[in-house]
Number of protein chains: 2
Amino acid sequence: MMTPGFVVGEAETMIEVIPIGYVRGGREKARDDYWAREQASIELDGEQFATDALAGLEQFSHAEVVFHFHKMDQTKIVSTARHPRNNCDWPEIGIFSQRGRARPNRIGVTVCAIVAINRLWLSVRGLDAIDGTPVLDIKPYLNGFAPRGTVREPDWAREIMADYW
Amino acid sequence: MMTPGFVVGEAETMIEVIPIGYVRGGREKARDDYWAREQASIELDGEQFATDALAGLEQFSHAEVVFHFHKMDQTKIVSTARHPRNNCDWPEIGIFSQRGRARPNRIGVTVCAIVAINRLWLSVRGLDAIDGTPVLDIKPYLNGFAPRGTVREPDWAREIMADYW
């Protein structure tokens, strides 16, 4: 069945991605808060990449890491509206209005501090991904990619982040 | 062949993702600069999502969009060091030290302004993705996910962004 508006081939088109590397170290299990001091490394796949894949990244203070919430049980992904962290003090909202792990495609995106780079190893601080997490991409954080214009967010978004880092 | 350090099953593990929707409108072809005023919409897949998937997103000024550079020819992906935009004024750096499209997994991440939400349609401004781009995720932009600490970047990163928006 096609969705109105979708052209042939668009619905349910699968895209295949291959981890560029994996998170090494850091937490063994996901926990909601206190990620700021977590240190971990990302080991790039030496079969895919030469040792210059991270060259020049040391000029940046921060990297944006795109990763896969691989431990999130796919059967628990809820796409209908729910309370963030199931906390009824916060509004019932859609999955694309929150950043929780139980989301379609299970993709996480986090900006973390670069600690050190050694050939195919990138050491970071404040990456909210557990040991063994597949990494899909690493990008340098450029000021030019910060939000343009004033950022507005609801009260719950501030409250949920109070102890996150 | 396994990479030293990689455990069995890690190398070349494929992850399948399915577009949650597609970009409608905006540019037909990619161009490097002047994206700020581009308006486009993201149409969510009505087969996958109920109309509350975006509920609550109107409380945010900005959304982070994860998308797939589907028009980027996979054979042109270069993972060895190169000059951003092939401009020799800028240093030769690894693919994970730049944000260009010719990258492994062809994943883009951009924060854009929310213009309007109408059921499964999200209208945005300043999304640097062309008409028909598969969208893999939408997240609200929370101030709490901005970089912690001072951001440092090389001169070329400022220069490359001079006319981007």
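Up top is the structure these notes are about.
Reading the values: the criteria
Residues numbered from 1 in each chain as written. Chains lettered and ligands numbered in written order. Predicted model: local features only at pLDDT ≥ 70, side-chain atom pairs only at ≥ 80, totals over all residues. Pairing = 2+ DSSP bridges. Helix = DSSP H or I, 4+ residues; strand = E, 2+ residues; numbered from the N terminus. Axes fitted to C-alpha atoms, helices over the stretch in contact; angles between N-to-C directions. Least-squares fit on C-alpha atoms with pLDDT ≥ 70 in both. Contact = placed C-beta atoms within 7 Å. Nonpolar A, V, L, I, M, F, W, Y, C, P; charged D, E, K, R; others polar. Buried ≥ 20, exposed ≤ 12 C-beta atoms within 10 Å, placed from the backbone.

What follows deals with the sheet that holds strand 7 (residues 134-140) of chain A. Residues and elements named next belong to chain A. Pairing is antiparallel in the closed barrel, where six strands are placed in the order 2-3-6-5-4-7. Ignoring which end each strand starts from, the neighbouring axes of this sheet average 45 degrees apart. Looking at chain direction, strand 2 (residues 21-24) and strand 7 are connected through two bridges and run antiparallel. Across the sheet, residue Tyr22 finds its bridge partner in strand 7, namely Pro134.

To continue, consider the relation of the copies chain A and chain B. Under the fitted operation, chain A is carried onto chain B by 0.0 Å of movement along the axis and a turn of 180 degrees, and the coordinates agree to an RMSD of 0.0 Å. Considering both components of the superposition, the chain copies are consistent with a two-fold axis. The rotation axis passes nearest to the C-alpha of Glu16(A) in chain A, at a distance of 2.3 Å. A symmetric contact is evident, with 100% of the interface residues of chain A recurring at the interface of chain B.

What follows is about the interface of chain A and chain B. Where the parts come together, the accessible area they lose is often given as the size of the interface. Contact residues are listed per partner, giving 80 residues for chain A and 80 residues for chain B. Looking at the side of chain A that touches chain B, the element that brings in the most residues is strand 7 of chain A, giving six residues. The residue inventory of the side of chain A that touches chain B, partitioned by class, reads 43 nonpolar, 22 polar and 15 charged. The pairing of strand 1 (residues 15-17) of chain A with strand 1 (residues 15-17) of chain B spans three bridges and is classified as antiparallel. Within strand 1 of chain B, the position partnered with Ile15(A) by the bridge is Val17(B).

Residues and elements named next belong to chain A. The buried fraction of strand 7 amounts to seven of the seven residues, a majority that puts the element mostly inside the structure. The sheet contact formed by strand 4 (residues 62-68) and strand 7 spans five bridges and is antiparallel. Paired with Phe67 across the two strands is Val135, which belongs to strand 7.

Residues and elements named next belong to chain B. Even without being glycine, Asn86 reaches a positive phi, approximately 55 degrees. Residue Asn86 is classed as exposed on the basis of its 8 C-beta neighbours within 10 Å. Here the phi dihedral of Arg106 falls at roughly 50 degrees; this positive angle occurs in a residue that is not glycine. Inspection of the secondary structure puts Arg106 in the loop between strand 4 (62-68) and strand 5 (107-118).

This part covers the environment of Lys29(B). Counting through the fold element by element, Lys29(B) comes out in the loop between strand 2 (21-24) and strand 3 (39-44). Sequence separation between Lys29(B) and His70(B) is 41 residues; the distance between their C-alpha atoms is 12 Å.

Right, let's get into the pairing of strand 6 (residues 121-125) of chain A. The alternating pattern of strand 6 of chain A places Leu122(A) and Val124(A) on a buried face, while none of Trp121(A), Ser123(A) and Arg125(A), on the opposite face, is buried. In textbook terms, the turn of a hairpin is the stretch between consecutive antiparallel strands, and for strand 5 (residues 107-118) of chain A and strand 6 of chain A this stretch comprises two residues, one of which, Arg119(A), has a positive phi near 55 degrees.

With that settled, consider the environment of Asp89(A). All names here are of chain A. Here Asp89 shows up in the loop between strand 4 and strand 5. Taking the C-beta count within 10 Å as the criterion, Asp89 has 9 such neighbours and is therefore assigned exposed. Sequence spacing of Asp89 and Leu136 is 47 residues, and the spatial spacing of their C-alpha atoms is 34 Å.

Quick look at the sheet that holds strand 4 of chain B now. As summarised here, the arrangement of the six strands in space is 2-3-6-5-4-7 (chain B), forming a closed barrel in which the pairing is antiparallel. The average angle at which neighbouring strand axes cross in this sheet is 45 degrees, direction not considered.

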